[in-house]
Amino acid sequence: MLSYCVKNVLSRRLQVLKTSQCRITLTLQHSRRHCSTSSTDHLDQVRTLLQFCVDRHYVSPGQTNTELFQRGLSCSYGPLGMELRRNLLEQWWHSVTRSTAQVFGINTLSSRSISRDTATDGRGQLRVVESEHLKHILEQRELSREQLIQKVQTLIQGSPSLRTNFLQGALEQAVPALALVNRKLPFGLAETGLCFQPSDGSGCPAEVTQTSLVWFCSTRTSSQWLDHWTRQRLKWWRKFALSPLDFSSRDVPEEELEEAASRGVRIIYSFPWGEEPLETLWSRGNTELLQTHKGVRTKLQCRDGRKSVPHVISITGNMDRGVLAFLFNSLQQLKKEDSKQKVHQRKVLKLHPVLAPVKVALDIGRGATVELRQVCEGLLQEFMEAKISAWPGYLETLPMSMEQLNAKYDEMGVLFTVVISENTLESGLLQVRSRDTTIKETKHISEIKNFLSRYISAADNI
């Protein structure tokens, strides 16, 4: 099955049939605020960050790829970017499943079959259409305009739809979840993964890494729960930020509320080009829940003393935009004066310790190379067993000074650099350099693993 740009193919076919007045809507109309940067400084800042992400393997090269990333869409990540996103998703999962009782993980399909009683003409939905079937219809030149439209609509109606969010899957699983919690409120259903976003005019949908928490509570407590989750989510974003005030929350204006929502709140980040939402919280009532279960209230009644249907609060996050926000927030360009009193610009990616893709880099100084590498390999194995991500710098074949190595690791966001030297072979002592302070300390080789574990754990608990 291929996600096929049906809209563009149809327009060409219908032009041949002189049916330019006919139009079949296959995807949601999607308007996006294109951000313009009036300041040259802001433009330079954006270009610097995007090029930096490519140079340091957070994002794969390519103009199209970096444009997707800047728009907050899923792109081709480099090794460090993939690890950063994985760390961010892991922290999100922990924050929603461990901060409040009765939050359960679920997994729903990215596409779902359309039954006859729920089939529509395709408006408002993204569909997966098999390209060969569409091609076969379009090649039937003997068909009239009306026949062509009918056949394409039939194909669309029978094709599975792509999810644009996780809400529907959570609503469908509300009944078995109620049985799991013995019909007691509140409880939540959490999910992460790829969702498809409607096109911005190209005719083809794009992917985005989404997080979702759908919270079921009583109607009388829904307002308090929305406020609770707003505080919790803003606190979580700020926890990992170098500049926490760049993250803020704001109520959604009444004219921008979704149809089913009575109130909405956005967690936003202030990018150089303007504010963009990272997470959106909606107070949705129970209308969509009842519609999903065909209005059968008995299946949805809970034990809150009134036999009422749960109120739904949805929290949807864009983790691709979250990765971009933390990269912008963490990149510092500092001026540094060397021993010859020359001023150099030092770039440091000060990602939070739990988000940093690489915690420690292992390098060797002067001494017997073979023996020093053996020590590094032993340490590397210890770090891997302790789940501390390490960079094997000792395998580097290109000659680099320690100053060049430190600059490279600072830009990669590596927390600590450990240098194994001949002194390590003699006394067990090694040198540890901090990314954030640039201070070099001497520690015994037996202490280094516990030191790193305690440092990361302490940062996570702040």
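Below: a short report on this structure. What you are looking at is a predicted structure, and each value in this text was computed from that prediction instead of being measured.

Cut-offs used in this document
Residues numbered from 1 in each chain as written. Predicted model: local features only at pLDDT ≥ 70, side-chain atom pairs only at ≥ 80, totals over all residues. Heavy atoms only, no water. Helix = DSSP H or I, 4+ residues; strand = E, 2+ residues; numbered from the N terminus. Buried < 20%, exposed > 50% of the residue type's maximum accessible area, 1.4 Å probe, protein only. Areas by Shrake-Rupley, 256 points an atom, 1.4 Å probe, with all protein chains shown as cover. Pairing = 2+ DSSP bridges. Salt bridge = Lys/Arg side-chain N within 4 Å of Asp/Glu carboxyl O. Arc of directions from axis to C-beta. Contact = heavy atoms within 4.5 Å. Disulfide = S-S within 2.5 Å. Axes fitted to C-alpha atoms, helices over the stretch in contact; angles between N-to-C directions. Core = buried A, V, L, I, M, F, W, Y, C linked by side-chain atoms within 4.5 Å.

### Quick look at the overall build of the protein
Reasoning step 1: If you tally the helices and strands in the protein, you get 15 helices and 17 strands.
Reasoning step 2: Burial status across the protein gives 46% buried among its 462 residues.
Reasoning step 3: Here the protein has roughly 23,800 Å² of accessible surface; of this, 48% comes from carbon and sulfur atoms.

### Examining the pairing of strand β5 (residues 187-197)
Reasoning step 1: By the criterion of burial, β5 is predominantly enclosed, with 8 of the 11 residues buried.
Reasoning step 2: Looking at chain direction, strand β1 (residues 103-105) and β5 are connected through 3 bridges and run parallel. Bridge pairing in β5 links valine 103 to glycine 188.

### Brief notes about the pattern of salt bridges
Note that side chains of opposite charge can pair when their charged atoms are close.
Reasoning step 1: Inspection of the entire model under this criterion finds 19 salt bridges.
Reasoning step 2: Arginine 47 serves as the salt-bridge partner of aspartate 44, at 3.5 Å between the closest nitrogen and oxygen. Note that aspartate 44 and arginine 47 are positioned in helix α2 (residues 40-55) at a spacing of 3 residues, about one turn of the helix.
Reasoning step 3: Aspartate 44 gets classed as partly exposed once you look at its relative accessible area, which sits at 36%.
Reasoning step 4: Judged by relative accessible area, arginine 47 falls into the exposed class, the value being 53%.
Reasoning step 5: Residues participating in the shared-partner salt-bridge network are Glu83, Arg86 and Glu90.

### Points about helix α3 (residues 63-70)
Reasoning step 1: When α3 is considered as a whole, its buried residues turn out to be Asn65, Thr66 and Phe69. Along the axis of α3, the buried residues cluster in a sector spanning 95°; they form a single face. Looking at α3, the residues exposed on the side facing more than 90 degrees away from the buried face are Gln63 and Thr64.
Reasoning step 2: The elements touched by buried residues of α3 are α2 and α11 (319-330).
Reasoning step 3: Downstream of α3 by one or two residues, glycine 72 has phi in the positive range, about 80°.

### Looking at the state of the cysteines
Reasoning step 1: By the definition in use, this model includes 0 disulfides.
Reasoning step 2: Cysteine 53 carries a free sulfur, and the closest cysteine sulfur to it, the one in cysteine 75, is 8.9 Å from it.
Reasoning step 3: Counting only cysteine sulfurs, cysteine 302 is the nearest neighbor of cysteine 217, a cysteine outside any disulfide, at a range of 9.5 Å.

### Examining the sheet that holds strand β16 (residues 429-434)
Reasoning step 1: Taken together, the 5 strands give an open sheet; going across it, the order is β14-β13-β15-β16-β17, and neighbouring strands pair in mixed fashion. The sheet is open, and its two borders are formed by β14 (390-391) and β17 (440-444), each paired with just one other strand.
Reasoning step 2: Taken together, the 4 bridges between strand β15 (residues 416-420) and β16 define a ladder with antiparallel strand orientation. Following the sheet pairing, valine 418 is matched in β16 by valine 432.
Reasoning step 3: Across the sheet, helix α12 (residues 369-385) lies against β13 (360-364), β14, β15 and β16, angled at about 165° from β13, the strand it touches most.

### Focus: the nonpolar core
The tendency in soluble globular proteins is for nonpolar side chains to be buried side by side.
Reasoning step 1: Tyr58, Phe69, Phe247, Phe326 and Leu327 are the most contacted members of the largest nonpolar core, which has 78 residues in total.
Reasoning step 2: Sorting elements by how many residues they give to this core places α11 first, with 7 residues.
Reasoning step 3: Not counting the four nearest positions on each side in its chain, phenylalanine 247 is found in contact with Leu234, Trp237, Arg238, Ala241, Ile268, Tyr269, Leu278, Ala325, Phe326 and Asn329.
Reasoning step 4: Membership of the second largest hydrophobic core comes to 18 residues, among which are Ala174, Phe187, Leu189 and Leu289.

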